[in-house]
Amino acid sequence: MSELNAGRGRRSRSFYVWVMVGLLLTAGLVYYALSSPTPTASPMRGPRGMMGATKVPVQVATVQQGLIDQTLNAIATVKPLQTVAIRGEVDGVLERVHFKDGQRVKAGDLLAEIDPRTYQVQLDQARGQLAQNQAQLKGAQQELARHRVLFQQNSIARQALETKETAVQQLQAQIKANQAEVARAQVQLDRTRITAPLDGRLGLRKLDQGNLVSAANTDGIVIITQVDPIGVEFSLPQNQLSNLLGAMRQNESPLRVSLIDSTGQLLSDKGRLQALDNQIDIGTGTLKVKAEFDNADETLFANQFVNSRVFLGQEQGLLIPSHAVQRGSVGTYVYTLDTEDKVHIQVVELGTATLESTLIKTGLKEGDRVVVEGTDRLREGSEVEVMQKDGQAQEKAATPDAAKPEPGKRTGEGRRPRPASE
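Predicted model only: the values in this text are computed from it and were never measured. (Residues numbered from 1 in each chain as written. Predicted model: local features only at pLDDT ≥ 70, side-chain atom pairs only at ≥ 80, totals over all residues. Heavy atoms only, no water.)

K.L.:
How do you make sense of helix α5 (residues 241-250) when you look at a structure like this?
P.N.:
Quick reminder: α-helices carry 3.6 residues per turn. Residues three or four places apart thus point the same way. Residues Leu241, Leu244 and Ala247 constitute the buried set of α5. Relative to the axis of α5, the buried residues are bounded by an arc of 130 degrees and lie together on one face. Projecting away from the buried face of α5 at angles above 90 degrees are the exposed residues Ser242, Arg249 and Gln250. Each element contacted by the buried residues of α5 is listed here: β2 (64-79), β11 (230-237), β13 (266-276), β14 (286-293) and β15 (305-321). (Buried < 20%, exposed > 50% of the residue type's maximum accessible area, 1.4 Å probe, protein only. Helix = DSSP H or I, 4+ residues; strand = E, 2+ residues; numbered from the N terminus. Arc of directions from axis to C-beta. Contact = heavy atoms within 4.5 Å.)

So, in C-alpha cells, the structure goes:
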C-alpha cells in the first residue's frame, strides 16, 4: 500500500515539473517574438516618424474686407396664384375635347364642348314665347290707342279705357319675363362651350370624350394652373420678424427672394416678397410669408419643395470662405498660418453666413491666412505646404519683411516641438 502511494507521489511531482517546463518555454517564445525585429515593426515606426516630418498640403484664403448679404432662410412650398378645376356647368354628353394633356392655354381658349341640342331647343322655345307676347302687346297697344280717342269723344266709359291700359301693362311685364327666359337659355347654351378662365397650363385629362358631364361632378374635366407668375409660401420664426419688418420699412420696393433646390442649385432669383400673414401660428411660433416669382421658363412647379432666401440688405466686415470654418469642443474655429507656414487653431465668433462666405466678428484680422482645404490632417503646430487650386505648390514671395514677424504675432519660435509619439 505504501509503495502504491509512493508511486502516485512521484507521478504527481513529474506532472508538475513538466507543467512548469511548458510554461517557461511558452514565456520564452513570447518574449522572443516581441523582442525580435519583424518586417512590420520598422514601417510602423517609419510612417509615424515621416508624418511628423512631412508637410501637409493645404489650400488657403486671405481674410478680406467685403460685403455680405443678410438673408433669412426657410423651407418653402411653391403654390400657384390661381388653380381652377374645369367642370361642366350644365349636364350633357362631352361631345368634343379641344386640348391635349399638359397644354399651355390662354384665357378664352376653347377647351371642350357639351352636346348643345337640348339647350338650343330651350332657347328657341323662349324666343318663340317672346315673339308671341310681343305680337299680343302690339295689338293691345293699338286697341288702347283707339279707346283713348273714343274716351275723348265721350263714346266709352273710363272703366273700358283703364281695362285696355291694364292689359297692355300685363303684356309688357310678360315680355320682360320672356326676355329673361331667353337670356337664361342663351347662358345655358353658351355653357356648353367650355373655355379657359385664365392663362396657364393644363393637367392630365380626367374625363374623355363621349362621357356624360354633370354639374355635380367635383372632379371636373381637367385642372388648369397659373404658372407665370407663380407663388411661393414659407414660414419664418417670430424672432426673425423684427429684422424682416425693419428691412421692409427701409426698402421702398419689395424685398428680393431667391429659391434653391435640395442640391444647392439656384432655381430662380426673380422673386418679390408680397405679403405677410396677419397672425402668428401659436402652435409653431411662425408667421406665413408669401412671395411671387416670374416663371416664364416654368422652372417652378406647383407643390414643389424648395429652399427660400429673403435678402434683407448687405453688411460690411471681414469675410472668409464658409468651408474654412470648423466646429469642435472649443466652439467655432479656423486654422491660421503664421509666417513659417505652421498651423494654429484660432477660435472665432461668426456673424452672417451664406453658402459661400462667412462674416467674422472677432478672432481674425485683415490679411490673415486661413486653411480652406486639407484640414483633416491638421493639428496645432503642423507644418503645411500651401498649394494652388491646380495642385502645384504656391511659391512663397521672398521679401525682406517676410521673415520678420509682426509685433505680437504668433510664430513658431520658442515653441516646444511635438514628439513623434504624439
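Picking up where we left off.
K.L.:
Sorry, what's going on with a nonpolar patch on the surface here?
P.N.:
Judged by side-chain polarity, Phe15, Tyr16, Val19, Met20 and Leu23 come together as a nonpolar surface patch covering roughly 560 Å² of accessible area. On the accessibility criterion, phenylalanine 15 (53% relative accessible area) is exposed. (Patch = residues over 30% accessible without salt bridge, like charges linked within 9 Å, V, L, I, M, F, W, Y side chains within 5 Å. Areas by Shrake-Rupley, 256 points an atom, 1.4 Å probe, with all protein chains shown as cover. Salt bridge = Lys/Arg side-chain N within 4 Å of Asp/Glu carboxyl O.)

K.L.:
Please clarify how the packing of aromatic side chains should be interpreted in this entry.
P.N.:
Between two aromatic rings, the relevant description is the distance of the centres plus the angle of the planes. Under the criterion given, the structure shown has one aromatic pair. Seen in terms of ring centroids, tyrosine 333 and tyrosine 335 are 5.6 Å apart; in terms of plane orientation they differ by 90 degrees. Their pairing is edge-to-face. One exposure class covers both tyrosine 333 and tyrosine 335, and it is buried. Taking NZ or CZ as reference, arginine 256 lies 3.9 Å from the ring centre of phenylalanine 311, over its face. (Phe/Tyr/Trp six-rings, centres within 6.5 Å; stacked < 30°, edge-to-face > 60°. Lys NZ or Arg CZ within 6 Å of the ring centre and 35° of its normal.)

K.L.:
Which parts of the structure should I look at to understand the pattern of salt bridges?
P.N.:
Opposite charge on two side chains allows them to pair when their charged atoms are near. The final tally for this structure, using the stated rule, is 18 salt bridges. Across the salt bridge formed by lysine 164 and glutamate 143, the nearest N and O atoms sit 2.5 Å from each other. Of this pair, lysine 164 sits in helix α4 (residues 158-190) while glutamate 143 sits in helix α3 (residues 117-152); the two residues are 21 residues apart in sequence, bridging distant segments of the chain. Measuring nitrogen to oxygen at the nearest pair gives 2.7 Å for the salt bridge that ties glutamate 298 to arginine 201. Separated by 97 residues along the polypeptide, glutamate 298 in the loop between β14 and β15 and arginine 201 in strand β8 (residues 200-202) bring together distant segments of the chain. Each of Glu95, Arg96, Glu113 and Arg193 takes part in a single network of salt bridges with overlapping partners.

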